[in-house]
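Here's the letter readout for the chains.
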Amino acid sequence: RARPSGPAIAATLRRPKVMSAESVKVAVRVRPFNGREKEANSRCIIRMKGPQTTIINPEDDSEKDFAFDYSYWSHDGFITEDDGYNTGGGPASKYGSQYASQKDVYEHLGQKMLENAWEGYNCTMFAYGQTGAGKSYSFVGYGSNKGILPLACEEIFKRIKDQESSRHKFQVECAMMEIYGRELRDLLNPKSKEKLKIRNGKTGTYVQGLKKSAVGSYKAIEKVQAVGTANRTVGATAMNATSSRAHTIVTITLGQKIEEEGRERQFASDIVLVDLAGSERAESTGATGARLQEGIEINVSLSALGNVISALAEKANNPKKKVFVPYRSHVLTELLQSALGGNSKTVMVAAVSPAHINFDESLSTLRYADRAKQIKVVVEVMENPTDKLIRELKAENDKLRKMLSGIANGEGVDLSALESAGGDNGEDGDASDRAPNLKRAYGSTITEEELAKKIEEA
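Computed from a predicted model, the values in this text were never measured in an experiment. Every chain's residues receive numbers from 1 upward, in the order its sequence appears when written. At least 70 in pLDDT is required for a residue's local features to be given in this predicted model, at least 80 for side-chain atom pairs to be given and counted, and no such filter applies to totals for whole chains, interfaces and linings, which use all residues. The side-chain values count all of the structure's non-hydrogen atoms but skip hydrogen atoms and water molecules.

(A) Region of the structure containing the overall build of the protein. Secondary structure summary: the protein contains 15 helices and 22 strands in total. In the protein, 70% of the contacts between residues at least 6 apart in sequence involve partners at least 24 apart. Surface accessibility of the protein: about 22,400 Å² in total, with carbon and sulfur atoms responsible for 48%. Secondary structure follows DSSP: runs of H or I at least 4 residues long count as helices, runs of E at least 2 residues long count as strands, and numbering of each begins at the N terminus. When checking whether two residues touch, look at their non-hydrogen atoms; a contact exists if any pair is within 4.5 Å. To measure how exposed things are, a 1.4 Å probe is used in the Shrake-Rupley method; for residues, cover is taken only from the protein chains shown.

Structure (structure tokens):
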């Protein structure tokens, strides 16, 4: 038998991780004063330096610091070009921060989201903040100041035009819905009598009965989204003249078929953008009647989401502790289960007001975002199960061949550091469940002949 050569060779036998854990990415953005805040002679209580955001208590000038993946200063320090686009380069910010334009935000968040989707990962981005804080501006924008959604749609079809061939084909579909109270509404098919239902499948949560429209160009997806936007539930409050009265969810499905090595490989990823309705205080919005009830429902759903985020943060910080995550407490949290605790690369965009009159709401948003960044999600490529199995078996076969080559050169293979190399205890299931348990069969070492036999079996 060949002698063990230590952990260096043992490491080569470890099965590659198909899934990996990563943190939810969090970005915070502050907007300019609005008309109401200017009339109140508001002072700016937000400061940003690099990824750090600081909020100042207007009562005692005490400061609280938060560190996020990105902090975007869009309060001042910008000029408006002839076409209406806001960009940096004007008078310097009074607060020493550099202006972040719509394109800056997109380049950091939107382009990375598309790169992940192109690789086959599900991606989710959701915006949180009080009503009128600027969530829809970051996601949708207005006029020439296009937000993440339209810029991402433009780039999707630019990339497809550059990459599509007879061996690499794409299919794009778009769906839009809203959560009004506890009801799911299809914005592309509002007259449908079919009740939308949230289901859990092998690839995560999905909505049964939701209409998906195939789109072949940017103009086509723009038209589809215009139809959905026209059907959204909005209403005026004292805080926001066009306040969203429901949570809006846009899903873009990117399907790919790639011909390689004589067979067709398929995978599809969902790009989900969730524009959450803003949290509200009745005394601030001046809402009454139906608007007041809508505000209550919005706050209940956001409170449920906050409880889920807190539970997931606690679970991430205490892996050995059993933590109950109340996904089923609301339709919103059920729908976001995959985004927060499942298989999706997730980004949270927190929008805050710069005004001292909104200190409590802004501090609450920053604390909310601070908890979200602690969440860990596990992601994997959304590929066909057969393609996945073939890829894993090929990777396993390559590793075994490398080990065989090492043995032929007089090196040993140490299996003592391994729990198992597959079999009943395989970590990843699928291919690993079919692989031979080398340690159980051969102890801590394996001969060249035995290894060659197992390669042939594989």
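(B) Inspection of the packing of helix α3 (residues 102-118) against helix α5 (residues 148-163) at higher detail. Axes here mean lines fitted to C-alpha atoms, for a helix over just the part in contact, with angles spanning 0 to 180 degrees between N-to-C directions. It is the contact of α3 with α5, at a shortest axis distance of 10 Å, that shows an interaxial angle of 50 degrees. Of the possible angle classes, the one that applies to α3 and α5 is oblique. In the crossing of α3 with α5, the sense of the turn from one axis to the other is right-handed. Taken together, the residues of α5 that come into contact with α3 (itself represented by Gln 102, Val 105, Tyr 106, Leu 109, Gly 110, Gln 111, Met 113, Leu 114, Glu 115 and Trp 118) are Ile 148, Leu 151, Ala 152, Glu 155, Ile 156, Arg 159, Ile 160 and Gln 163. Classes in brief: Ala, Val, Leu, Ile, Met, Phe, Trp, Tyr, Cys and Pro nonpolar; Asp, Glu, Lys and Arg charged; the others, Gly included, polar. Residues of the contact of α3 with α5, tallied by class, amount to 11 nonpolar, four polar and three charged. Angular relationships are summarised with four words: roughly parallel below 35 degrees, roughly antiparallel beyond 145, roughly perpendicular across 65 to 115, and oblique for the angles in between. Crossings are classed by handedness, with left-handed meaning an anticlockwise turn of the near helix from the far one by less than a right angle and right-handed meaning a clockwise turn.

(C) Seen up close, the side chain of Thr 333. The residue Thr 333 is located in helix α9 (residues 331-335) in this model. Polar contacts involving the side chain of Thr 333 include one to the main-chain carbonyl oxygen of His 330, which spans 2.8 Å. In protein, a polar contact requires one atom able to donate a hydrogen and another able to accept it; more generally it is a pair of N or O atoms within 3.5 Å, and residues adjacent in sequence count only if both atoms are side-chain atoms.

(D) Representation of the sheet that holds strand β5 (residues 63-67) within the structure. For two strands to pair, DSSP has to find at least two bridges joining them. Strand order in this open sheet of three strands is β3-β4-β5, and the pairing throughout is antiparallel. The open sheet has two edge strands, β3 (46-49) and β5, and neither has a second partner. Each strand axis lies, on average, 20 degrees off the axis of its neighbour in the sheet, ignoring direction. Where strand β4 (residues 52-56) and β5 come together, five bridges link them in antiparallel fashion. Counted as the bridge partner of Gln 52 is Ala 67 from β5. Helix α11 (residues 359-372) contacts β4 and β5 of the sheet and is inclined by roughly 150 degrees relative to β4.

(E) Layout of α5. One fewer than the residue count of a helix, multiplied by 1.5 Å, yields its expected span. Between its first and last C-alpha, α5 extends 22 Å over 16 residues, near the 22 Å set by a 1.5 Å rise per residue. Here α5 has its buried residues at Ile 148, Leu 149, Pro 150, Leu 151, Ala 152, Cys 153, Glu 155, Ile 156, Phe 157, Arg 159 and Ile 160. Classification of residues uses two cut-offs on accessible area relative to the type maximum, computed with a 1.4 Å probe and protein chains only: under 20% is buried, over 50% is exposed, and between them is partly exposed.

(F) Seen up close, the environment of Ala 268. Mapped onto the fold, Ala 268 is located in strand β20 (residues 263-275). Since its relative accessible area comes to 36%, Ala 268 is described here as partly exposed. Ala 268 sits 113 residues away from Val 381 along the chain, and the two C-alpha atoms are 8.7 Å apart.

(G) Region of interest: a nonpolar patch on the surface. Side chains of Leu 292, Ile 296 and Val 300 sit close together on the surface and give an oily, nonpolar patch of about 210 Å² of accessible area. Judged by relative accessible area, which is 33%, Leu 292 ranks as partly exposed. Here the term patch refers to residues with relative accessible area over 30% and no salt bridge, with like charges joined within 9 Å and nonpolar side chains (Val, Leu, Ile, Met, Phe, Trp, Tyr) within 5 Å. Salt bridge criterion: a side-chain nitrogen from Lys or Arg within 4 Å of a carboxyl oxygen from Asp or Glu.

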